[in-house]
Amino acid sequence: MIILSVSCFFTVYIMPHNKKNPTPKPTEPTLRQTLLRPLRAAKGFWQKGIIQKLIVVLIAIVVGFVGVSYGVAQWYIASHKSKPLVYGATFSPYYAEYFGLDPKDTLNAIINDMGIKQLRLLSYWDESEATQGIYDFTNLDWQFAMAENSGAKVSLAIGLRQPRWPECHMPTWAKDMPMTEWEPKLTTYMQAVIDRYKTSPALESYQLENEFFLSVFGDCPDFTRERLVREAAFVKQADPTHPLIITRSNNALGVPIGDPRPDKFGVSVYKRVWDKTITKRYFEYPLPAWFYASLGGYGKIFTGKDLIIHELQTEAWLPDTGEFNMNDIDSIPEQNKSLDAARLKERLEYAKATGLREVYVWGIEWWYWQKSVGHPELWDTAKQQIQTP
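Note that the coordinates shown come from a computational prediction; the quantities given were computed from them, not determined experimentally. (Residues numbered from 1 in each chain as written. Predicted model: local features only at pLDDT ≥ 70, side-chain atom pairs only at ≥ 80, totals over all residues. Heavy atoms only, no water.)

So, on to the overall build of the protein. Broken down by element type, the protein carries 14 helices and ten strands. For the protein, the residues scored as buried account for 44% of the 389 residues in total. Long-range contacts, defined as pairs at least 24 residues apart, comprise 75% of the intrachain contacts of the protein with a sequence gap of at least 6. Split by element, the accessible area of the protein, about 20,800 Å² in all, is 59% carbon and sulfur. (Helix = DSSP H or I, 4+ residues; strand = E, 2+ residues; numbered from the N terminus. Buried < 20%, exposed > 50% of the residue type's maximum accessible area, 1.4 Å probe, protein only. Contact = heavy atoms within 4.5 Å. Areas by Shrake-Rupley, 256 points an atom, 1.4 Å probe, with all protein chains shown as cover.)

What follows deals with the state of the cysteines. Two cysteines, two sulfur atoms, one covalent bond between them: this is a disulfide. All chains considered together, the criterion is met by one disulfide. In this model, Cys-168 is linked to Cys-220 through a disulfide, with the two sulfur atoms separated by 2.1 Å. Given an S-S torsion of about 100°, the disulfide between Cys-168 and Cys-220 has right-handed geometry. Linking Cys-168 in the loop between β3 (153-158) and α8 (179-197) with Cys-220 in the loop between β4 (203-208) and α9 (225-238), this pair joins segments that are 52 residues apart in sequence. You'll find Cys-168 and Cys-220 in the same group, each marked buried. (Disulfide = S-S within 2.5 Å.)

The strand order around the closed barrel built from eight strands is β1-β2-β3-β4-β5-β6-β9-β10, with neighbouring strands paired in parallel fashion. Across this sheet, the average inter-strand angle for adjacent strands is 30°, counted without regard to direction. Against the sheet, helix α7 (residues 138-150) contacts β2 (118-122), β3 and β4, and its axis sits at roughly 170° relative to β2. (Pairing = 2+ DSSP bridges. Axes fitted to C-alpha atoms, helices over the stretch in contact; angles between N-to-C directions.)

Quick look at the pairing of strand β7 (residues 272-275) now. The pairing of β7 with strand β8 (residues 281-284) spans four bridges and is classified as antiparallel. Across the sheet, Arg-272 pairs through a bridge with Glu-284, a residue of β8. Between the end of β7 and the start of β8, which pair antiparallel, lie five residues, with Lys-280 showing a positive phi angle near 55°.

Chain-level statistics for the protein give a pLDDT mean of 91 and a share of 88% at 70 or above. Residue range residues 1-19 is modelled with pLDDT below 50. Its contacts to residues more than four positions away, or to other chains, number three contacts. (pLDDT = per-residue confidence, 0-100.)

Another aspect to go through is a nonpolar patch on the surface. Together, Ile-50, Ile-51, Leu-54, Ile-55, Ile-59 and Val-63 make up an exposed nonpolar region whose accessible area comes to about 590 Å². Note on placement: Leu-54 falls in helix α3 (residues 50-79). (Patch = residues over 30% accessible without salt bridge, like charges linked within 9 Å, V, L, I, M, F, W, Y side chains within 5 Å. Salt bridge = Lys/Arg side-chain N within 4 Å of Asp/Glu carboxyl O.)

Among the nonpolar cores identified, the biggest contains 86 residues, and Leu-156 and Trp-367 are the most heavily contacted of them. A total of eight residues in this core trace back to one element, the largest contributor, which is α8. Ignoring sequence-local partners within four residues, the contact set of Leu-156 consists of Leu-121, Ser-123, Leu-140, Phe-144, Val-193, Tyr-197, Leu-203, Ser-205, Tyr-206 and Gln-207. (Core = buried A, V, L, I, M, F, W, Y, C linked by side-chain atoms within 4.5 Å.)

Here we take up the side chain of Thr-106. Along the chain, Thr-106 falls in helix α5 (residues 103-112). Taking relative accessible area as the criterion, Thr-106 reaches 0% and is therefore assigned buried. Dropping the residues within four chain positions of it, Thr-106 is found in contact with Phe-91, Ala-96, Leu-101 and Tyr-368.

Before going further, it helps to spend a moment on the pattern of salt bridges. A full pass over the atoms with the stated rule returns 18 salt bridges. Glu-311 is the partner of Arg-120 in a salt bridge, and the nearest nitrogen-oxygen pair spans 3.0 Å. Remark: Glu-311 occurs in strand β9 (residues 306-313) and Arg-120 occurs in strand β2; sequence separation between them is 191 residues. For Glu-311, a relative accessible area of 5% puts it in the buried group. Between Asp-320 and Lys-276 there is a salt bridge, and its shortest N-O distance comes to 3.9 Å. With Asp-320 in the loop between β9 and α11 (332-338) and Lys-276 in the loop between β7 and β8, the pair connects residues that are 44 residues apart, well separated along the chain. Through salt bridges with shared partners, a single ionic network connects Glu-209, Asp-222, Arg-227 and Glu-231.

Take a look at the structure:
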């Protein structure tokens, strides 16, 4: 009996059951296996063929470029952090008149109410030399006088191409001339502008040929680099004491390492535009703010020159269907779809996040017009942002 009991105990508790072994539990992957899994997958993808190899190389290049650009951007932001952020504004008396505003009242409000003390003023050739050889600087004179009396500084746009349509402001009497004839006359006009304002205490810099190489926009007769080089050399010779700024368009990659080499570069920043070709709706560029800091950083590394925002889109971009106008009260709801007070605040914060320390807003005459017709939201929002350190 005792032997039998021991035998039964051994059979039941010690000996394995007479059935199939259960499926073992899967083991958890180690940290090392987890980390190596993407590399093994990439290796397998790499071994499939030449197309796969090219895709892997392309991805590696893009990731590497983005990483380096981000590092360059953070370096540029950090290196300029101690500099004050200066807001400026492009002002056109002709654009103010388009809205039915008094240009002098508008500029006075920009300086004394908005508190902007940095102005980009315009020297349109077709306005100041409407008749060949006869100069009329009346409009520009009072703008400089107001800047001088208020302690504001001026960055003076010069050359054929300047802000606002048609971009190239060619006098009627010169439009049918070949370039060999109108270019010397443009140079003579630029000399007259420089001689008139180079001794003004308000003058701080010149901005030459607004976005000269942007051939897809504007009604312009010439985009040759050689002319820009000649004009830059001429301006520096005519007034070597004031810095020269040359501007580029907004979202183009690359570093302007060729001639001419100004004292500073400018970039325009446009975020929300109307896509008239494909989607027929508003399109928001997805570029992060540090993208523009990377442009500044690369420019600083390769040219030693700093970058400013010479044109920050703070104006609505309406559909070109003919239904809406910037100076139409009934178009304000559509204008708000492009840029309302909330987006304006975001846009100014975006500009600040780029790390570029000089920012010229675009469309301030439009803000003032909206305020004059009972919609002060844009003006009040910008005023709070600009006057807050």
